[in-house]
Amino acid sequence: MYVLRGGRVVDAAGTREADVAVADGEVVAVGEPGAVDDAIAAREGDPAEIDVGDQVVAPGLIDAHVHVMMDGRPDVSTAVADSDYTASYRAASNLDAAVSAGVTTVRDLGSRGTLALDAGEAVSAGKIDGPRVLACGRNVIMTGGHGNWFGREADGPAEVRKAAREQLKAGADVLKCMATGGVLTEGAVTGAPELTPEELAAFTDAAAPTDTPTAAHAHGEVGIKNAVEAGISSVEHGTFMDREAAEMMAERGTYWVPTASALRGIVDNGVEAGIPEDAVAKAEDAAGRFDDAWDHALEAGVPIAMGTDAGTPFNFFGEIPQEMAYMVDYGLSPERALEAATVNAADLLGLDDVGLVEEGYRADLVVLDADPTEDVEAWQDPDAVFARGERVE
Ligand SMILES: [Zn+2]
């Protein structure tokens, strides 16, 4: 048991001066010192005092889109030949880097086999340090589609339904499919539709009985609209989102997970850094359209959840908080960026115990030197990180 004493709490509910008491991995009291003292006096033992005067206590960040098996290397195809064991060690190191950076929940949207699902179990069992991991198992993709080197290929509604159910059977917390081509699969056309509307409908239908969230990788506007019409929970990337797609998403409450870090990692580093020419050309082509996507999304009021696609070229787990600054660059206010990475992401993931600094919530907390709703850069370098109450940084 400990008390974070003398700081300000900043979350989607606003900014206030408050002490925060933590016991058994949970926030047990937030508020005036006297009230917090009363709450802890009712418990056994003496709490440790942690002075956070002049500092800010905020919820840990939630990244709704990562790939724990990838490590930000310039050419992802060079990881194909690595053994499953190597991929597992890489995942452990990525998760350690993420949680040290203040990211206390991640959602893996595609790794090989059960790697990310197993990584989640390893974290919750205390075997490795890391954020809480939710995972989709394998991506459901059309034969030869984007990410086919690690996805589960399926064609036609019946096969897609079976592929989706296989992931649920393996313990998936979310289902992920490819509604269009991608940047990192050589030869694939970035925006071209992949799974058909009928296949997407079978996919979301498979998730419906258990209310499992669904995510669609979609760059092109046709694929985005196909996914939204099929009732997908989130559009990942959404690079070529047009006004109509944005309005459809706003109306249905479909989340957008923009993954700006993925595009920036490729465009800002380029061929000289060893990224394949094909991927750089596609990303550069996409960058201008991505600016427009932000305009459409902000104008229409599309709900946004933070996600980075961490693991893609120069998109490192230890630098996930950079996405907060990118989102502000694209026009989101720092307050709305905070919401995107806390309450919105929690809602998208179906979690009701993270995203706020509130009694009964998991003690997933960061201590920052400035208020991130005034200075978004404050997320970059947390002074302390607590994951399920354990100090990890
Ligand atoms: Zn991805």
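Preceding this paragraph is the structure being described.
A brief structural summary. None of the values given here were measured: they were computed from a predicted structure. (Residues numbered from 1 in each chain as written. Predicted model: local features only at pLDDT ≥ 70, side-chain atom pairs only at ≥ 80, totals over all residues. Heavy atoms only, no water.)

**Thoughts on the coordination of the zinc ion**
Inference 1: Of the protein atoms, only His65 (NE2), His67 (NE2) and Asp309 (OD) coordinate the zinc ion, at distances of 2.1 to 2.2 Å.
Inference 2: The sequence pattern formed by the donor residues of the zinc ion is H-x1-H-x241-D. Of the two residues, His67 is situated in the loop between β8 (61–66) and α2 (84–100) and Asp309 in the loop between α9 (277–300) and α10 (322–329); the sequence distance between them amounts to 242 residues. (Donors = N, O, S within 2.8 Å, 3.2 Å for Na, K, Ca; no water. Helix = DSSP H or I, 4+ residues; strand = E, 2+ residues; numbered from the N terminus.)

**Examining the layout of surface pockets**
Inference 1: Each pocket or cavity is described by its volume, and for the largest pocket that value is around 430 Å³.
Inference 2: In terms of lining, the largest pocket is formed by 24 residues, of which the most central are Gly120, Val123, Ser124, Pro131 and Arg132.
Inference 3: Among the domains, domain 1 (2–59 + 356–391) and domain 2 (61–349) are the pair contributing at least three residues each to the lining of the largest pocket.
Inference 4: Here the second largest pocket defines a volume of roughly 270 Å³.
Inference 5: Taken together, 16 residues line the second largest pocket, and the ones lying closest to its centre are Asp211, Thr212, Pro213, Thr214 and Ser233.
Inference 6: Residue assignment for the lining of the second largest pocket shows that the elements contributing at least two residues are α5 (197–207) and α12 (343–349). (1 Å grid on protein atoms, 1.4 Å probe; cavity = no way out; pocket = protein on both sides within 12 Å on 5 of 7 lines; lining within 4 Å. Points joined across faces, edges and corners; volume = space filled by probe spheres on them. Domains from an automatic or database assignment.)

**Overview of the side chain of Ser111**
Inference 1: Counting through the fold element by element, Ser111 comes out in the loop between β9 (103–108) and α3 (115–124).
Inference 2: A residue is classified by how much of its surface remains accessible, and Ser111, at 1% relative accessible area, is buried.
Inference 3: Separated by 3.0 Å, the side chains of Ser111 and Asp108 make a polar contact.
Inference 4: Not counting chain neighbours up to four residues away, the residues in contact with Ser111 comprise His67, Val68, Met69, Ala116, Gly137, Arg138 and Phe150. (Buried < 20%, exposed > 50% of the residue type's maximum accessible area, 1.4 Å probe, protein only. Polar contact = N/O pair within 3.5 Å; in protein donor to acceptor, adjacent residues only side chain to side chain. Contact = heavy atoms within 4.5 Å.)

**Here we look at the nonpolar core**
The nonpolar side chains of soluble globular proteins are, as a tendency, buried together.
Inference 1: Among the nonpolar cores identified, the biggest contains 86 residues, and Met241, Trp256, Met324, Met327 and Trp379 are the most heavily contacted of them.
Inference 2: Broken down by element, the residue count for this core peaks at eight residues, all from α9.
Inference 3: Here this core spans two domains, and each of domain 1 (2–59 + 356–391) and domain 2 (61–349) adds at least three residues to it.
Inference 4: Each residue touching Trp379, except ones within four places of it in the same chain, is listed here: Ala58, Pro59, Leu61, Ala101, Pro321, Met324, Leu338, Val366, Leu368 and Pro372.
Inference 5: Residues Tyr2, Val20, Val57 and Ala384 belong to the second largest nonpolar core, which totals 15 residues. (Core = buried A, V, L, I, M, F, W, Y, C linked by side-chain atoms within 4.5 Å.)

**Focus on empty space enclosed by the protein**
It is the rolling of a water-molecule-sized probe over the atoms that shows where space remains empty.
Inference 1: Using the criterion set out here, one finds one cavity of 30 Å³ or more in the structure.
Inference 2: Forming the boundary of the largest cavity are 28 residues, of which His146, Leu184, His237, Asp309 and Thr312 lie nearest the centre.
Inference 3: Residue composition of the lining of the largest cavity, grouped by class: 14 nonpolar, 12 polar and two charged. (Nonpolar A, V, L, I, M, F, W, Y, C, P; charged D, E, K, R; others polar.)

**Comments concerning the packing of aromatic side chains**
Inference 1: Under the defined criterion, the tally for this structure stands at eight aromatic pairs.
Inference 2: Residues Phe290 and Trp294 carry aromatic rings whose centres are separated by 6.3 Å and whose planes lie at 85° to one another, so their mutual orientation is edge-to-face. With Phe290 and Trp294 both in helix α9 and four residues apart, the pair spans about one turn of that helix. One exposure class covers both Phe290 and Trp294, and it is buried.
Inference 3: Through successive ring pairs, a cluster of aromatic residues spans Trp256, Phe290, Trp294 and Tyr330. (Phe/Tyr/Trp six-rings, centres within 6.5 Å; stacked < 30°, edge-to-face > 60°.)

**Re α3**
Inference 1: Most of α3 is tucked away: seven of the 10 residues are buried.
Inference 2: Taken residue by residue, α3 has Leu115, Ala116, Leu117, Ala119, Gly120, Ala122 and Val123 as its buried positions.
Inference 3: As for α3, its buried residues are in contact with α2, β9 and β10 (132–135).
Inference 4: Of the residues flanking the end of α3, it is Gly126, one or two places downstream, whose phi is positive at about 80°.

**Remarks on a negative patch on the surface**
Inference 1: On the surface, a cluster of negative charge is made up of Asp96, Asp129, Asp369, Asp381, Asp383, Glu390 and Glu393.
Inference 2: Judged by relative accessible area, which is 51%, Asp369 ranks as exposed. (Patch = residues over 30% accessible without salt bridge, like charges linked within 9 Å, V, L, I, M, F, W, Y side chains within 5 Å. Areas by Shrake-Rupley, 256 points an atom, 1.4 Å probe, with all protein chains shown as cover. Salt bridge = Lys/Arg side-chain N within 4 Å of Asp/Glu carboxyl O. Lys, Arg positive; Asp, Glu negative; His and termini not counted. Charge placed at Lys NZ, Arg CZ, Asp CG, Glu CD.)

**Some words on the sheet that holds strand β1 (residues 2–5)**
Inference 1: Spatially, β5-β4-β1-β6 is the arrangement adopted by the four strands of the open sheet, whose pairing is mixed. Of all the strands in the sheet, the pair left with one neighbour each is β5 (26–31) and β6 (48–51). Between one strand and the next, the sheet's axes are offset by a mean angle of 20°, whatever the strand orientation.
Inference 2: Inspection of the sheet shows strand β4 (residues 19–23) paired to β5 by five bridges, in the antiparallel sense. Within β5, the position partnered with Val22 by the bridge is Val27.
Inference 3: Running over the sheet, helix α1 (residues 33–41) touches β1, β4 and β5 and is turned about 145° from β5. (Pairing = 2+ DSSP bridges. Axes fitted to C-alpha atoms, helices over the stretch in contact; angles between N-to-C directions.)

Honestly, that's just the spatial picture; any functional story needs more than this.
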